[in-house]
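# Structural overview for review
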Amino acid sequence: MIIAGAVVQGTGHLAAGLGCQDAFKAVDLGATAVLAVADGAGGRERSALGAHIAADTACRVLAEDIPDADDPPEVWTRWTVAGGARVVADYLRAVEGVLKATAPSEPVEAGALAATMVAAVVRPPWAAFVSVGDCFGTVLTRGPAGTGNAQREGERCHLVLPPPAPGTPGPVFLSSPGAALRVRTFVVWEPELSGVVLATDGCAALTLDHPSARELPPQAGPLPSERFFCGLAATLRVNGGDAAPLRALLSGPQAARTGDDLTVLCALTEGS
């Protein structure tokens, strides 16, 4: 499996003198990959640390006792839901431990390290997702023979965990009250699964299309950009997972529009 990721500091963060508050981590288990990206809350002083804790915690928790590829859907669903609850609980314990160790005489405020997160376990034909907040996930599948074009290698992309719609309340953080009750989980069984891509919300302008781009009504919601996702997958397969082209995409003029940090992490099956 090809695993590649990149994080680029946002232009707005750079102009304001803020460090990068995104983080990602991947665990390569051979035929299985565990991925996590996290986005620290912009207004929280130690949120970059919170993002790193979130990515580390998600990968550690979700790398344990992964169901087999031939297990039934109910096994995968139960495991994913339980894993999401455990990620939140373990994150809060880790944050509390950090705060007590670094500021033992001050009140413990987990919100100081607030972060959102999306994680995925990729074990074809399964992909299991756990999300808290506004990061999002996309699945790639192989198209039927003769579809697609040379650049897309017959692949298609499907947004399975979209970011919240504009105008909705602000994101839930792992440290928010009741976060364990607001974990989003999603399990995909797809015989033609060819990859999973995770991204922080700063990437939305670069990676998602407005439905009008495909002559669909606004209520269809954001759509994954085939040019970005399928083109990226084709490039990474050709270059063996070198993340330099991904970093270039995240550093381009279109990506800089939001001013936010940008992080993309993917796991791809090898071959076209």
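Keep in mind that this is a model prediction, so the values were computed, not measured.

Cut-offs applied
- Residues numbered from 1 in each chain as written.
- Predicted model: local features only at pLDDT ≥ 70, side-chain atom pairs only at ≥ 80, totals over all residues.
- Heavy atoms only, no water.
- Pairing = 2+ DSSP bridges.
- Helix = DSSP H or I, 4+ residues; strand = E, 2+ residues; numbered from the N terminus.
- Axes fitted to C-alpha atoms, helices over the stretch in contact; angles between N-to-C directions.
- Contact = heavy atoms within 4.5 Å.

### Details of the sheet that holds strand β12 (residues 262–268)
The strand order across the open sheet built from 5 strands is β1-β12-β9-β6-β7, with neighbouring strands paired in antiparallel fashion. Each end of this open sheet is capped by a strand with a single partner; those strands are β1 (2–8) and β7 (155–161). Mean inter-strand twist for the sheet, computed between neighbouring axes without regard to direction, equals 15°. In the sheet, strand β9 (residues 193–199) pairs with β12 via 5 bridges, with the strands oriented antiparallel. Paired with Leu198 across the strands is Leu265, a residue of β12. Helix α5 (residues 226–239) contacts β1, β6 (136–142), β7, β9 and β12 of the sheet and is inclined by roughly 120° relative to β7.

### As for the sheet that holds strand β3 (residues 33–40)
The strand order across the open sheet formed by 5 strands is β2-β3-β4-β5-β8, and the pairing between neighbours is antiparallel. Strands with a single pairing partner mark the edges of an open sheet, and in this sheet they are β2 (22–28) and β8 (184–189). Adjacent strand axes in the sheet meet at a mean angle of 10° when their direction is disregarded. Relative to β3, β2 is paired through 7 bridges, and the arrangement is antiparallel. Bridge pairing in β3 places Phe24 opposite Val37. In this fold helix α2 (residues 47–62) packs onto β2, β3, β4 (115–123) and β5 (126–132), with an angle of close to 160° to the strand it touches most, β3. Contacting β4, β5 and β8, helix α3 (residues 73–102) crosses the sheet at an angle of about 30° to β5.

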